[in-house]
Structure formats: C-alpha cells, structure tokens
Amino acid sequence: MGVEWYDMIARRNGGYRSNAVFTIDGVSAEQIYEERLAGMLPAFDSVLDAGCGHGDFTIKMSRHAKSIIGFDNSIEMIKIAESIKQDSKVNNVDFIYATTKADLPFSNGQFDFIYDRRGPTSIINHSRILCSGGTVFGIHTGALTTVKERLHNNGFINIQIEEFNSAVIYFPNETEFAKFISGMPGNPDYTDPSLSKELEMKIEENMINGKLSIKEYRYIWKANKP
Ligand SMILES: C[S@@+](CC[C@H](N)C(=O)[O-])C[C@H]1O[C@@H](n2cnc3c(N)ncnc32)[C@H](O)[C@@H]1O
C-alpha cells in the first residue's frame, strides 16, 4: 500500500488505528502473535520493528525488550510515534523515518531480531542488517507466496508458516462496520455519505448467517538467518 494512504490515515485517525467497535469469535492470530512476540523479545539485545506505524505497539512491546528501533516510511506516522514516545517516558525505543525501497540506514548484522506486524514484507530482502543466527517474525494477511519466495531467495532457514482462518469479526451495526473497513489499507472513507452505495455493496458482501461480519485471515511466519 502506498505511503500516501498511510500519511492520510495518520492525519485522519491519528495513526494506523480505528475506533470501530467489534467482537472477535474464534482464535485471533493477532492475539497469538502478540503473546508469542512478548515471550520472545527478552532473549534479544537489538530489535527492529519493520513498518512500526504510529508506534504505540512498539512502545507496548518495549517493556519486554532491551531496545527497539521502529522505522516507517510514512513521515506522518513517525511524527505521531515520536510524540507518543515523549508522553510515555520510555527510553529504550527510537523511531526512524526510512523505507525498505532503499538501503536501510542500519549496519550489517545490527539486529538479532526483526519483527514485522503487517508492515513491509520487503524487509526480508534486507537480511544484511540481521546478524547470523538472528530471527525474523511476522504476521500478515496477504502475499504469502511472496513471503515464502523472499525467505527462500534470501537464504533463510527454519522457515515456519502458520495460517489462521477460523476467527470471525462481528459488528454491532453498519456504522461500526463502515469505520472498520475504512481503516483497511487502501480503502476509501466509507463513512462519507457520498460512498453510501459502495458501502451498501460491502454490507451485502459481508453478511454471514444474517450477521455483519468479516472472516479474519492471517498467517504468522518465522525464520532464521544462517
Ligand atoms: C498495516 S500498517 C501496520 C503498522 C504497525 N506495524 C501496526 O501493527 O500497527 C503498515 C505500516 O508499514 C508502513 N510501510 C509500508 N511499506 C513500507 C516500506 N516499504 N518501508 C517502510 N514502511 C512501510 C506503513 O507506512 C504502515 O505504517
């Protein structure tokens, strides 16, 4: 997804977040990923959060880690991350504006752990910044074939991929559904009355047994650099 969309959502929602109300039925891969990540972090010295967004997740994870650098190619996200950091008084996190589309401003082998929570999967092509024996750990919704190819092409080993597709997200009404889908990368603002016809179509597409809902698909992936 283009940087313009992320800059726009940062300005509109104060970051990559939404205030939509919903419930999740079934095993949420996001929850599993967060728990596993929190459990893994203490073992590493130097951690990178690839595509950290507005940084609140990085700040949340910092209490499990010695140090984390979060980078993102949306300047608007990084501005918010910096301001959240100042308010939090956390001192083991740094935020950097950078893109995976160019060489990253980190040295060879600088990190022993890189995590990627729905950030750019192209981080896998920057394996030079991971030390030998280092770990990459991600969660994504799409591009599974690309992630597999990138891990193989960059010589990663111990590749593990786990898919989750049993969770269902339920919405109490159309307003909350519209808010939720408006925050999905690339989507327009479906809460805008001028898009009411398009919203109506989305609602029709997302009825499961008469309930407004979306099936959550995620995969969690992990690998090591030899
Ligand atoms: C779906 S958001 C996830 C944000 C955060 N990881 C989270 O879990 O809340 C994806 C983030 O990756 C960033 N991003 C996308 N492509 C990028 C790239 N090529 N280089 C750096 N950041 C990128 C976006 O700006 C956005 O903040």
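Look up: the structure comes first, before these words.
Residues numbered from 1 in each chain as written. Predicted model: local features only at pLDDT ≥ 70, side-chain atom pairs only at ≥ 80, totals over all residues.

**Considering the site of the ligand**
Our working rule: To decide whether a residue is near a molecule or strand, its C-beta atom is placed from the backbone and checked for lying within 6 Å of it. When residue character is reported, Ala, Val, Leu, Ile, Met, Phe, Trp, Tyr, Cys and Pro are called nonpolar, Asp, Glu, Lys and Arg charged, and the others, Gly included, polar.
The ligand sits among 20 residues. The nearest are Tyr6, Gly51, Gly53, Asn73 and Pro120. For the shell around the ligand, the per-class residue count stands at eight nonpolar, eight polar and four charged.

**Quick notes on the packing of helix H1 (residues 3-13) against helix H4 (residues 75-88)**
Heads up, the rule is: Here the axes come from fitting lines to C-alpha atoms, over the contacting stretch only for helices, and the angles between their N-to-C directions go from 0 to 180 degrees. By the criteria applied, helices consist of DSSP H or I runs no shorter than four residues and strands consist of E runs no shorter than two, each listed in order from the N terminus. An angle below 35 degrees is treated as roughly parallel, one above 145 as roughly antiparallel, one from 65 to 115 as roughly perpendicular, and anything else as oblique. For every residue pair, C-beta atoms are placed from the backbone, and the pair is scored as a contact if these atoms sit within 7 Å.
At a minimum axis distance of 7 Å, the contact between H1 and H4 shows a crossing angle of 40°. Overall, the two elements H1 and H4 adopt an arrangement that is oblique. Note on element contacts: H4 touches H1 through Ile75, Glu76, Met77 and Ile80, opposite Tyr6, Asp7, Ala10 and Arg11.

**Some details on the nonpolar core**
We apply this condition: To define a nonpolar core, we join buried Ala, Val, Leu, Ile, Met, Phe, Trp, Tyr and Cys residues through C-beta atoms within 7 Å and take the resulting set. Working definition of burial: number of other C-beta atoms within 10 Å of the residue's own, with buried at 20 or more, exposed at 12 or fewer, and partly exposed in between, all C-beta atoms being placed from the backbone.
Formed by 42 residues in total, the largest nonpolar core has its most connected members in Val47, Met77, Phe111 and Ile114. Within the second largest apolar cluster, seven residues are counted, among which are Ala178, Phe180, Ile181 and Leu199.

**Topic: the pairing of strand S4 (residues 93-97)**
Convention followed: Here a strand pair is declared whenever DSSP counts at least two bridges between the two strands. Handedness rule for crossovers: strands pointing away from the viewer, path from the first strand over the helix to the second running clockwise, crossover right-handed.
Taken together, the five bridges between strand S3 (residues 68-72) and S4 define a ladder with parallel strand orientation. Pairing of Phe71 across the sheet is with Ile96, part of S4. One crossover worth recording links S3 to the parallel S4 by way of H4, and it is right-handed.

**Observations regarding helix H6 (residues 174-182)**
Side chains three or four residues apart in an α-helix point the same way, a direct result of the helix having 3.6 residues per turn. Taken as a whole, H6 has its buried residues at Phe177, Ala178, Phe180, Ile181 and Ser182. Summarising the contacts, the buried residues of H6 are in contact with helix H7 (196-205) and strand S9 (211-224).

**Looking at the pairing of strand S2 (residues 47-50)**
Burial along S2 is two-sided: the residues Val47 and Asp49 and Leu48 and Ala50 are all buried. Where S2 and S3 come together, four bridges link them in parallel fashion. Along S3, the bridge assignment pairs Leu48 with Ile69. Crossover handedness for the path S2 to helix H3 (residues 56-61) to S3: right-handed. Note that S2 and strand S5 (residues 111-117) share three bridges and pair parallel. By the bridge assignment for S5, Asp49 is matched with Tyr115.

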